[in-house]
Amino acid sequence: KHINVARSVDDFIVTVELNRPEVLNAMNTAMGEELLACFEALHWDKTVRAVVLAGAGEKAFSVGGDLKEREGMTDEAWRSQHEIYEQMAFRLLRCPVPVIAAVEGFAMGGGLELAVLSDFIVAGEGAVFAVPEITRGIFPGIGGTQLLPRIIGAPLAKELIFTGRRMPAPEAKAAGLVNHLVPAGQAQAKALEIATTIAENGPIAVRQAKKAIAWGAETDLETGMILAIEAYNNTVTTEDRLEGVRAFNEKRKPRF
């Protein structure tokens, strides 16, 4: 198995772990296929409330595409492999529940792109971020050129992509690429803690909020406001809303 998938005791949280630590979790074709199948399944899973995406071992989240596997690949084979990555990236980006990337060590190339395709990043102090594709005559192919400018602003994103330089964790935190910086080795635990908090909240409301933020950010404000009202109305008619109000008035935690 090139990824490990584990569910929490209550089934609400899924941990997806990239599992090729011997090659710093480099992504080969098989890992791409497994990630695609995993996030395809999560797209239809109504029980899951949050996902933690992590890398096995302490050295890397992922260093991106496996260039040893790609050595000698024909253009056609390379493109066929990339189509798997593209579909996987879309499925990750459009995962209906929050995805938290837990980064230890290197998040480079496609590895960094997996992290920014997630909703936000929690990183250990030793984390290092880079988009070095251009230094190898390649292109950041699963959203780095689109997501990085949206997250950290175009000028800094351009510098990172054009130079391929490595950004250490404290700089990534200051730039807004990382939400939480924790002691090395603690990223997954912190991500799980946040996922647990999310999983205690109204699951329909969380899904609607993610959808409204995703689509609203890509449109004009008036359309975004209309989308948000639609999302609001979708939560009004749910049992979750009734339980939340009931629990408030009964001075207890809601049970969604």
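Residues numbered from 1 in each chain as written. Predicted model: local features only at pLDDT ≥ 70, side-chain atom pairs only at ≥ 80, totals over all residues. Heavy atoms only, no water.

## Concerning the environment of Phe 39
- Positionally, Phe 39 belongs in helix H1 (residues 29-44).
- The exposure class assigned to Phe 39 is buried, which follows from its relative accessible area of 1%.
- Considering only alpha carbons, one finds Phe 39 and Asp 66, 27 residues apart in sequence, at a separation of 21 Å.
- Apart from the residues lying within four places of it in its own chain, the contact partners of Phe 39 are Val 51, Arg 91, Leu 92, Cys 95 and Val 99. (Helix = DSSP H or I, 4+ residues; strand = E, 2+ residues; numbered from the N terminus. Buried < 20%, exposed > 50% of the residue type's maximum accessible area, 1.4 Å probe, protein only. Contact = heavy atoms within 4.5 Å.)

## Remarks on the pattern of salt bridges
- Inspection of the entire model under this criterion finds 14 salt bridges.
- Between Arg 165 and Glu 159 there is a salt bridge whose closest N-O contact spans 2.6 Å.
- Judged by its relative accessible area of 34%, Glu 159 falls in the partly exposed class.
- Note that Arg 252 is salt-bridged to Glu 243, the shortest N-O span being 2.7 Å.
- A relative accessible area of 25% places Arg 252 in the partly exposed class.
- Taking the relative accessible area as the measure of exposure, Glu 243 reaches 7% and is therefore buried.
- Salt bridges sharing partners connect three or more residues here, namely Glu 239, Glu 243, Arg 246, Glu 250 and Arg 252. (Salt bridge = Lys/Arg side-chain N within 4 Å of Asp/Glu carboxyl O.)

## Notes on helix H4 (residues 110-117)
- Burial within H4 is extensive, with eight of its eight residues counted as buried.
- All buried positions along H4 are accounted for by Gly 110, Gly 111, Leu 112, Glu 113, Leu 114, Ala 115, Val 116 and Leu 117.

## Focus on the packing of aromatic side chains
- Across all of its chains, the model carries zero aromatic pairs by this definition.
- Above the ring of Phe 12, the side-chain terminus of Arg 49 is found at 3.6 Å from the ring centroid.
- The lysine or arginine in question, Arg 94, covers the ring of Trp 215, its NZ or CZ lying 4.3 Å from the ring centre. (Phe/Tyr/Trp six-rings, centres within 6.5 Å; stacked < 30°, edge-to-face > 60°. Lys NZ or Arg CZ within 6 Å of the ring centre and 35° of its normal.)

## A short note on the sheet that holds strand S8 (residues 128-130)
- If you trace the four strands from one edge of the open sheet to the other, you get S4-S6-S8-S9, paired in mixed fashion. Either end of the sheet is taken by a strand with one partner, and the two such strands are strand S4 (60-62) and strand S9 (167-168).
- The strands touched by H4 are S4, strand S6 (106-108) and S8; relative to S6, the strand with the most contacts, the crossing angle is about 90°. (Pairing = 2+ DSSP bridges. Axes fitted to C-alpha atoms, helices over the stretch in contact; angles between N-to-C directions.)

## Points about the sheet that holds strand S1 (residues 3-7)
- One open sheet accounts for six strands, arranged S1-S2-S3-S5-S7-S10; its pairing is mixed. A strand with exactly one partner marks an edge of an open sheet, and here the two such strands are S1 and strand S10 (180-182). The average undirected angle you get between the axes of adjacent strands in this sheet is 20°.
- Taken together, the five bridges between S1 and strand S2 (residues 13-18) define a ladder with antiparallel strand orientation. Its bridge partner lying in S2, Arg 7 is registered against Val 14.
- Against the sheet, helix H8 (residues 187-199) contacts S2, strand S3 (50-55), strand S5 (99-103), strand S7 (120-124) and S10, and its axis sits at roughly 165° relative to S5.

Structural measurements only, silent on function.
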